[in-house]
Amino acid sequence: MKRAQQPARVARVKKLSRSQGQQILREEEIDSREYEDLFQQQVNKITSGVEAAEETEIHLQAALAAATSGANEGEIPAPPADETPGNHYNILYQRSFDNPVSYIRFSNTVEDCTGCGYDMTSEDDVFLKEYNKKKSGGRYSEDFFEKIMAMFEETAKTHAPYASVDNTVVPFDTMKSVLVDRVRGEVGEFAKAFYDHWVIRQQLQPALKYETSKDNEDADPYVCFRRRDGRQTRKTRARDNASVDRLKKLRREMEDARGMVLATHQREIMKRDLLRTERMIFGQRAILKDTKVRLSIKSNDDDLINQKPQKRPRQSDVPARAPVVGRLPNGSIGPIAPELPQLSDIQTEKENALQRIIETKTQLHRKWNEDHIDLTREPLSPVEDRGPEPSFRPATAQYRYLTPPSSVNSEAFEQNALIQKEAEGTINRYSSPPVEIELQAQRAYRKRVGRLGRLWIDRRNMAPTPLNDNDVIMTDRWKYDQEDDDEQDVYPMDPYDITALRYRSTLPTRSERSAARPSPNDRLTAAALQPPAT
Amino acid sequence: MAGGDKSQESDVPRQKSFATPETLKVGCIAMVYKEGKTRKAEILGVKDTKSGKQFYCNFDNFNKRLDEWVPLARVDLLQEVEWPNPEKPKDAKKSGGQATKKTAAPPSKKVQKRPFPREESVASEGGSTPHPFAEFAATQHSTPSADGNEKLTLALDLDATPGAEDDDPMDVDVEKSVSLAISAKAQPQENFDREEEIEKLRVGGSMTQNQAEISRIRNISKVQFGRYDLYPWYFSPYPETFAQEDLMHICEFCLMYYADPKSFDRHRSKCTMQHPPGNEIYRDDYVSFFEIDGRRQRTWCRNLCLLSKMFLDHKTLYYDVDPFLFYVMTTRDDKGCHLVGYFSKEKESLDGFNVACILTMPQYQRKGYGRLLIQFSYELSKIEGKLGSPEKPLSDLGLLSYRQYWTENLVEILLEHNERDERCSIEHLAALLAMTASDVESTLQALKMQVYHKGEHKIVVPTHLIKKHEALKEKFKTKPKRTIIAERIQWKPPVFTASNRTWGW
Ligand SMILES: [Zn+2]
């Protein structure tokens, strides 16, 4: 609160806080002489909000003084407005207006409401009348004239957008071709006459001045409605900082990209060198072999054997090398038997044997689980069906490198890429509902009530799907699934909500379904007949 | 003789001498008859008409809306005339006044156009003291003007007339931009001011100074608008050729402007608009309010700004209308909803302004509509849960209207508190009226209500305000008060996303 500096004899004025409650008095409740005195002390100026140079204007001062003193309201003189004499208004504004009962909602623009974008001038009027007079036969209406002119303008705008700067005049032939498109029927001799008239008139159209990025137009008061360029729109520091951060990030990313390109280049060079070396080794070995044969040296061919592990994994790369990871919601099993590229054949053999054992065990487990309905609260679901059928693709989230696998070293591959083995479906699944191949398309969710009434919505693990199925859909379906070792996702849900119930009631019954979609496989049909665990 | 005491000049006294009709020029301060006596007036323009020379005069301490073209007969040549200095005649109105004082812009390719015959001719004709700053290069403004004779005359006049320094009001700003480019070092102050000015324009909807002097002269003489003939008060950047017209037509619904009567007739025969092109957000028996988005209704809002600029000195059309919403008040009849007034509001005001520009059309002024507009702006602020304040600077009429609105509402609340013998804080008053606390404070002080009495801050309601309040109350018993009924507002604060902000609303 601005307060006058009090004279020394007066007690110092306490600062007035805006939140402080003040006593409210009427003037008569205070001694009049005292009241007068109160304002002797006030010296400082009150901020009026009017520009300083105008604050002194005599009419304003008079009006303000009147308001303060209670004298008659001072008025600021202003040029008045008059009613236009005559009845022009009713002639010009003929449409009558029906006020709708409800509040008006309206989004048409001026352009929408004014029809043809060209309004003919007095000169146009003279021209058209002259033209019509000279012309035999029918006359051209003002509407028609305006339509043609609007078209000229429009065409000029598209064909010569900078006409105002470079004075381009769109040639008649251009106009005519557009005209032929628009006006059905003959483009009569009027076109040329209208065009000639338009060329003359065009230069004279009054128009607002917009910015043209010429110099000095900042000072031109006729230039108006400039664009606010984004940066200058608002003076927030936060926005500036955000832009700076974005630029920094961009720069960082550019540098990273550059680094990656350099690294790639490096890698390709190394690959080339590697190939050369391999080739050299091959050649050397061939020579060695020849020499051995020639000299009949009999030793174990260890010096030649090195070649094998180098070459063979390359051929059986795809099936053998890809790490196979089970979906392990309980985290009981890690990646199953990943085969490292440098394993020898023997090791591959061993691994395959192991795989077979696992497969038989799984088959056994499945058999044992057949017709088993788990009604426990946290059921341990049987192993997922994982036949050796190559036509089914086990579902796992997949992260494929865009770059060819050969350029990625195997370790990174194991960590980041869960590449599907196409030949072997080696997916184990636990704690997930029994497989009902039949339902793969529909029944993707299951509702369970857990401890403390918690509601669980289980998402069905990806049922095996023919590989030629749309891959995108499958990946998308698993988009949000992830390897989580100890907790399944909890979907909070109102236990009394009947939405799920309602949804299920809309699904076709099983019999309808099996009738509609014959199972591709008997075994699977049998599985489908199992009632779903609930 | 016109003394330097009245005008706000700085230390450098102006040269004074007698002028002849021929030497009287732009920038001179002469004594001119107005309202029965001679008043000091700055000549902003000179034109030749059939009936002789006319001078566009801005009268000292009169608002610009009272500026007018006067014939030579009204200029009192028996009194000495002040010739323009390097100092601006009203330096408070222009930026960078001091900067030009002693350090005039060094001559540049653009600047040195005018020879210096003036010193001699002044001396010979008026016998006055030679101009002290004659050696400074003069900036000359030779903007090719599409405006025809009138402005051409202005420019010619500037070139030919002696006596002026590099600082004719007409070319102040050209000089400014030139010197900005050339001698930013020599005139840091000016440079800063100009940037600041542009920044102000960017940020707000109104402006403090107009950068070009052409705009000090009203360019439209008469406007036919709906049922009314309007006489504009200030410059508005309608097409330059309109300045030559005696009459301009504006469609009262879509606000399109026409100099040619035939065009206007044709437009009227096609125009189907009958109310502002937006959603009605308020309606009572008396008025309606429409909300118009500057971005969606760019043409209409630009037209509205051009129209209102003729009556708002401090409005700027420097930037486009996109970041504003326009709240338009109308009255209804069987022809449509007629524009009464409006206020614009920034979609996002960093300074918490709830009004950028506010105008009651001249044909509806002094009828209480301004109060409705102001009240509506505060009702919107209440719905937003914010305290609002109009953007500064206010015009003289704006200040009076706001003062009146604030006073009436504050007095009413204060008297209620007084009756109940309750205390009241400034913040409480602010919250009740959705006004900012500083507006409450300034009103209380301006009306001498805020006192320090017996060691305590108190608010005293003066008797004349109580009387006025009671008179109004009495009046409203017979004739109901026109007021905005808050319940009838159908409005939710519009929400704008970050991308709106980034992409220019
Ligand atoms: Zn219209």
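Residues numbered from 1 in each chain as written. Chains lettered and ligands numbered in written order. Predicted model: local features only at pLDDT ≥ 70, side-chain atom pairs only at ≥ 80, totals over all residues. Heavy atoms only, no water.

### Let's talk about the sheet that holds strand S19 (residues 450-453) of chain B
Here we have 3 strands laid out as an open sheet, ordered S1(A)-S20(B)-S19(B), and mixed in their pairing. Unpaired on one side and paired on the other, strand S1 (23-26) of chain A together with S19 of chain B mark the two borders of the sheet. The sheet shows a mean angle of 40° between the axes of neighbouring strands, taken without regard to direction. Here S1(A) runs beside strand S20 (residues 456-461) of chain B; their pairing, made up of 4 bridges, is parallel. Each residue of the ladder has a partner; that of A:Gln23, found in S20(B), is B:Lys458. (Pairing = 2+ DSSP bridges. Helix = DSSP H or I, 4+ residues; strand = E, 2+ residues; numbered from the N terminus. Axes fitted to C-alpha atoms, helices over the stretch in contact; angles between N-to-C directions.)

### Quick word on the interface of chain A and chain B
When the parts of a complex come together, some accessible area is lost, and that lost area is often used as the size of the interface. With 114 residues of chain A in contact, the opposing surface of chain B contributes 157 residues. Where chain A abuts chain B, roughly 12,400 Å² becomes buried across the two surfaces, and 53% of that area is made up of carbon and sulfur atoms. If you sort the residues of chain A by the area they bury against chain B, A:Arg18, A:Tyr103 and A:Tyr222 come out on top, with a joint share of 7%. Linking chain A to chain B there are 11 salt bridges. Two residues, A:Glu142 and B:Arg266, come together in a salt bridge whose shortest N-O distance is 3.1 Å. Where chain A packs against chain B, one counts 63 residue pairs in polar contact (both at pLDDT 80 or more). Examining the composition of the side of chain A that touches chain B, we find that 8 residues originate from one element, helix H3 (residues 58-69) of chain A, more than from any other. Of the residues in the side of chain A that touches chain B, the class split is 47 nonpolar, 32 polar and 35 charged. (Contact = heavy atoms within 4.5 Å. Buried area = accessible area lost by both parts, 1.4 Å probe. Salt bridge = Lys/Arg side-chain N within 4 Å of Asp/Glu carboxyl O. Polar contact = N/O pair within 3.5 Å; in protein donor to acceptor, adjacent residues only side chain to side chain. Nonpolar A, V, L, I, M, F, W, Y, C, P; charged D, E, K, R; others polar.)

### Things to note about the sheet that holds strand S2 (residues 82-83) of chain A
Pairing within the open sheet is mixed, and its 5 strands lie in the order S2(A)-S9(B)-S8(B)-S10(B)-S11(B). Two strands lie at the open edges of the sheet, namely S2 of chain A together with strand S11 (257-258) of chain B, each paired on one side alone.

### Examining the packing of helix H9 (residues 396-420) of chain B against helix H12 (residues 463-478) of chain B
Geometry of a packed helix pair, given as the angle between the helix axes and the separation of the axes. All names here are of chain B. Between H9 and H12, the shortest axis-to-axis distance is 10 Å and the interhelical angle comes to 95°. Our classification of the angle between H9 and H12 gives roughly perpendicular. Contact with H9, carried on its side by Thr407, Glu408, Val411, Glu412 and Leu415, involves Leu465, Ile466, His469 and Leu472 of H12 and no other residues of that element. Classifying every residue of the contact of H9 with H12 by side-chain character gives 5 nonpolar, 2 polar and 2 charged. (Parallel < 35°, antiparallel > 145°, perpendicular 65-115°, else oblique.)

### A look at the UniProt feature "active site" (unreviewed entry) in chain B
Residue and element names in this part refer to chain B. Within the UniProt annotation, "active site" (unreviewed entry) is assigned to Glu391. Turning to its location among the elements, glutamate 391 is positioned in the loop between strand S18 (389-390) and H9. The exposure class assigned to glutamate 391 is buried, which follows from its relative accessible area of 5%. (UniProt positions renumbered as here; feature names shortened; annotations may be inferred. Buried < 20%, exposed > 50% of the residue type's maximum accessible area, 1.4 Å probe, protein only.)

### A look at the coordination of the zinc ion
Within the first shell, the zinc ion binds the protein through B:Cys251 (SG), B:Cys254 (SG), B:His267 (NE2) and B:Cys271 (SG), at distances of 2.0 to 2.4 Å. Its 4 donor atoms give the zinc ion angles of 89 to 119° at the centre, a pattern that matches the tetrahedral case. (Donors = N, O, S within 2.8 Å, 3.2 Å for Na, K, Ca; no water. Tetrahedral: all angles 85-135°; square planar, octahedral: opposite > 155°, others 65-115°.)

### Topic: H3(A)
Taking 1.5 Å per residue, 12 residues should reach 16 Å; H3(A) reaches 16 Å between its end C-alpha atoms and fits that length. Residues of H3(A) that are buried include every one of A:His59, A:Leu60, A:Ala63, A:Leu64 and A:Ala66, and no others. What you see down the axis of H3(A) is that its buried residues fit within an arc of 155°, all on one side. Buried residues in H3(A) make contact with helix H2 (52-55) of chain A together with H9 of chain B. (Expected span 1.5 Å × (residues − 1). Arc of directions from axis to C-beta.)

### Topic: the packing of helix H7 (residues 142-159) of chain A against helix H6 (residues 261-270) of chain B
Following both chains from N to C, one finds H7(A) and H6(B) inclined at 100°, their axes separated by 12 Å at the closest point. Taken together, H7(A) and H6(B) sit at an angle that is classed as roughly perpendicular. For the pair formed by H7(A) and H6(B), the contact residues are A:Glu142, A:Asp143 and A:Glu146 on the first element and B:Lys262, B:Arg266 and B:Lys270 on the second.

### Focus: the pattern of salt bridges
Applying the stated criterion across every chain, the model contains 46 salt bridges over all chains. Linking A:Arg276 and A:Asp273 is a salt bridge whose minimum nitrogen-to-oxygen distance equals 4.0 Å. Placement of the pair is A:Arg276 and A:Asp273 together in helix H12 (residues 237-295), with a separation of 3 residues, close to one helical turn. Judged by relative accessible area, which is 52%, A:Arg276 ranks as exposed. One salt bridge connects B:Arg283 with B:Glu280, and the closest N-O pair in it is separated by 2.7 Å. Of the two residues, B:Arg283 and B:Glu280, both sit in the buried class. Put simply, A:Asp119, A:Asp125, A:Lys129, A:Glu142, A:Asp143, A:Glu146, B:Lys262, B:Arg266 and B:Lys270 are held in one network by salt bridges that share partners.

### Section: helix H8 (residues 369-384) of chain B
Residue and element names in this part refer to chain B. The end-to-end C-alpha distance of H8 is 23 Å, a good match for the 22 Å that 16 residues give at a rise of 1.5 Å each. Burial analysis of H8 places 12 of its 16 residues in the buried class, which makes it a mostly covered element. Here H8 has its buried residues at Tyr369, Gly370, Leu372, Leu373, Ile374, Gln375, Phe376, Ser377, Tyr378, Glu379, Leu380 and Ser381. Trailing H8 by a residue or two, glycine 385 shows a phi angle of about 75°, which is positive.

### Here's the deal with the side chain of B:Glu291
Residues and elements named next belong to chain B. Positionally, glutamate 291 belongs in strand S13 (residues 288-293). Lacking a salt bridge, the buried glutamate 291 has lysine 345 as its closest oppositely charged neighbour, with an N-O distance of 7.9 Å. A polar atom in the side chain of glutamate 291 sits 2.6 Å from the side chain of tyrosine 327. Separated by 2.7 Å, the side chains of glutamate 291 and tryptophan 491 make a polar contact. (Lys, Arg positive; Asp, Glu negative; His and termini not counted.)

### Observations regarding the packing of aromatic side chains
Residues and elements named next belong to chain B. In this structure the tally under the stated criterion is 39 aromatic pairs over all chains. Measuring from centroid to centroid gives 6.1 Å for tyrosine 282 and phenylalanine 289, while their planes differ by 70°, and the two rings are edge-to-face. With respect to burial, tyrosine 282 and phenylalanine 289 carry one shared label: buried. Considering the side-chain rings of phenylalanine 343 and phenylalanine 376, the 6.4 Å spacing of their centres and the 55° angle between planes classify their relative orientation as tilted. (Phe/Tyr/Trp six-rings, centres within 6.5 Å; stacked < 30°, edge-to-face > 60°.)

### Describing the confidence of the model for chain B
Residues and elements named next belong to chain B. The predicted model of chain B averages 77 in pLDDT, with 72% of residues at 70 or higher. Predicted confidence is poor over residues 1-10, with pLDDT under 50, and the contacts of this stretch with residues over four places away or in other chains come to 28 contacts. Of the regions scoring below 50 in pLDDT, residues 88-192 engages in 218 contacts with residues more than four places distant in sequence or in other chains. Confidence estimates for the predicted assembly give a pTM of 0.62 and an ipTM of 0.74. (pLDDT = per-residue confidence, 0-100.)

### Brief notes about unusual backbone geometry
Looking along the chain, the bond that leaves B:Lys392 and enters B:Pro393 is cis, with omega of 0°. Take B:Pro393: it is sitting in the loop between S18 and H9. Positive phi, normally seen in glycine, also occurs at A:Ser296, with a value near 50°. Its place among the elements puts A:Ser296 in the loop between H12 and helix H13 (302-305).

### Considering the environment of B:Pro84
Looking at the element boundaries, B:Pro84 is found in the loop between strand S7 (81-83) and helix H1 (97-102). Placed 70 residues apart in sequence, B:Pro84 and B:Arg14 show a C-alpha to C-alpha distance of 6.6 Å.

### Section: the pairing of S20(B)
Residues and elements named next belong to chain B. Most of S20 sits inside the fold, with 5 of its 6 residues counted as buried. Direction of pairing for S19 relative to S20: antiparallel, over a ladder of 4 bridges. In the sheet register, valine 451 faces S20, and the bridge partner there is lysine 458. Here S19 folds back onto S20 in antiparallel fashion, the turn holding 2 residues, of which lysine 454 has a positive phi close to 50°.

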